[in-house]
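# What the coordinates show
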Amino acid sequence: MLVNLRDITAVAEQNNMAIGAFNTPSMEAVRAAIDAAEETGYPVIIQHAECHEDFMPMDKIGPAMVALAGRSSAQVCVHLDHCEHLSYMRRALEMGFTGVMYDGSMQPYDVNVANSRRAAAMCHDFDCGLECELGSMGARENGAGHDADESGAMAIYTDPDQAAGFIEATDLDILACSFGTVHGIYKAEPKLNFDVLTDIRSRVNVPLVMHGGSGVSDDDYRSAIDAGIRKINYYTYGVKYAGEAVRRTIRDFEAKEADSVVYWHDMTMAAYASMLETFKDVITVFANGAEPLA
Ligand code: 13P
């Protein structure tokens, strides 16, 4: 069933767990995420990032995401990830998305506040939950703007002193925090700053979001959840593993017969199977010991 971002993160809050939020710019990813939720019995968020428009236009995948979420036995929120243009956000709202993120983290604070407020007003018209970001991850979720050494040194941690004022000024529902994770592949082991997270948590009463959530250790996931993270955005490592599964499939074909025919559906099936396993694994870690809810 289709669930609002506010309600799905409230479930996470009640159970001291986090909801897996998977970027799904392909039908294989949409199916894998929803099937993983149904098979494990935990809720899920499927999300489309504005910067993935070239991989998959939202106008094509969005209606399918909403329809499949509505038909699922699992609790599924359909969310817009890292939206920088309010006109794009309006299209998602009109399509039936139940959560959106306005990302003004690259803007000066005042502009971020003003645009986040506009986003909140739009969301109220559609009964949709709103995520906003304070601080900066230092790189976009499509890899653009990464530090040369991929260390995340360009990231600006969320300022705990600013967080409560930002929430009050914007009327957001959940807050994306920067505390040491980065989007994309980690070249060095991520070093998460749990003190920043704990400090934010002690001053605000909204669910907190981890971006750059793939490639983090299970222990760090658990510590982050215990410190208040309720939504974990996960993309890069899931599609990396799926890409490796496709490569293995092609190699297996070629090992059997040098000029064997490689069918596209064998690739999509390999990618789907890989993502299903990855999503089930991480959803179970993110449950943090909570019993299945379905
Ligand atoms: P990863 O690049 O770590 O998978 O993060 C995805 C993300 O945060 C999307 O918003």
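Residues numbered from 1 in each chain as written. Predicted model: local features only at pLDDT ≥ 70, side-chain atom pairs only at ≥ 80, totals over all residues. Heavy atoms only, no water.

What follows covers the environment of Ile283. Inspection of the secondary structure assignment puts Ile283 in helix H10 (residues 264-286). Each C-alpha atom of the pair Ile283 and Ile250 lies 29 Å from the other, and the pair is 33 residues apart in sequence. (Helix = DSSP H or I, 4+ residues; strand = E, 2+ residues; numbered from the N terminus.)

Across the two faces of strand S4 (residues 99-102) the burial is the same, with Gly99 and Met101 and Val100 and Tyr102 all buried. Pairing between strand S3 (residues 76-83) and S4: three bridges, direction parallel. Looking at the pairing, His79 lines up with Gly99 of S4. For the crossover from S3 across helix H4 (residues 86-95) to S4, the handedness is right-handed. Here S4 pairs with strand S5 (residues 129-134) via four bridges, running parallel. Of the residues in S5, the one forming a bridge with Tyr102 is Cys132. (Buried < 20%, exposed > 50% of the residue type's maximum accessible area, 1.4 Å probe, protein only. Pairing = 2+ DSSP bridges. Right-handed = clockwise from strand over helix to strand, strands pointing away.)

Size it by volume and the largest pocket reaches roughly 220 Å³. Residue lining of the largest pocket: 14 residues in total, with Ser26, Glu28, Ala242, Ala271 and Met275 positioned closest to the centre. Of all the secondary-structure elements, those providing two or more residues to the lining of the largest pocket are helix H2 (27-40), helix H9 (236-256) and H10. For the lining of the largest pocket, the leading source of residues is H10, giving five residues. (1 Å grid on protein atoms, 1.4 Å probe; cavity = no way out; pocket = protein on both sides within 12 Å on 5 of 7 lines; lining within 4 Å. Points joined across faces, edges and corners; volume = space filled by probe spheres on them.)

So, about the packing of helix H6 (residues 160-170) against helix H7 (residues 194-203). At a minimum axis separation of 9 Å, H6 and H7 run at an interaxial angle of 40°. For the element pair H6 and H7, the recorded crossing hand is right-handed. Contacts between H6 and H7 involve Pro160, Asp161, Ala163 and Ala164 from the first element and Val196, Asp199, Ile200 and Arg203 from the second. Residue classes in the contact of H6 with H7 are distributed as five nonpolar, no polar and three charged. (Axes fitted to C-alpha atoms, helices over the stretch in contact; angles between N-to-C directions. Left-handed = near helix turned anticlockwise from the far one by under 90°. Contact = heavy atoms within 4.5 Å. Nonpolar A, V, L, I, M, F, W, Y, C, P; charged D, E, K, R; others polar.)

With that settled, the discussion passes to the environment of Tyr157. Tracing the backbone shows Tyr157 in the loop between S5 and H6. Separated by 36 residues in sequence, Tyr157 and Asn193 place their C-alpha atoms 8.9 Å apart. Sequence-distant contacts of Tyr157, defined by excluding residues within four places in its chain, comprise Gly135, Ser178, Phe179, Gly180, Lys191, Asn193 and Val196.

What follows concerns the site of the ligand. Of all residues adjacent to the ligand, which total 15 residues, the nearest are Asp81, Gly212, Ser214, Tyr235 and Thr236. Within the side chain of His82, an N or O atom sits 3.1 Å from an oxygen atom of the ligand. Backbone polar atom of Gly212 to an oxygen atom of the ligand: 2.8 Å apart, as the coordinates give it. Isolated, the ligand exposes 310 Å² of accessible area, and the fraction of that covered by the protein chains is 99%. Elements represented by at least two residues in the shell around the ligand include exactly S3 and strand S8 (229-234). (Near = heavy atom within 4 Å. Polar contact = N/O pair within 3.5 Å; in protein donor to acceptor, adjacent residues only side chain to side chain. Areas by Shrake-Rupley, 256 points an atom, 1.4 Å probe, with all protein chains shown as cover.)

A general feature of soluble globular proteins is that nonpolar side chains tend to end up buried together. Ranked by size, the top nonpolar core spans 94 residues in total, and within it Leu80, Met89, Leu130 and Leu175 carry the most contacts. A per-element tally of this core places H10 first, with eleven residues. Leave out the neighbours within four places in its chain, and Leu175 touches Cys132, Leu134, Ala163, Phe166, Ile167, Ile200, Val206, Pro207, Leu208 and Val209. (Core = buried A, V, L, I, M, F, W, Y, C linked by side-chain atoms within 4.5 Å.)

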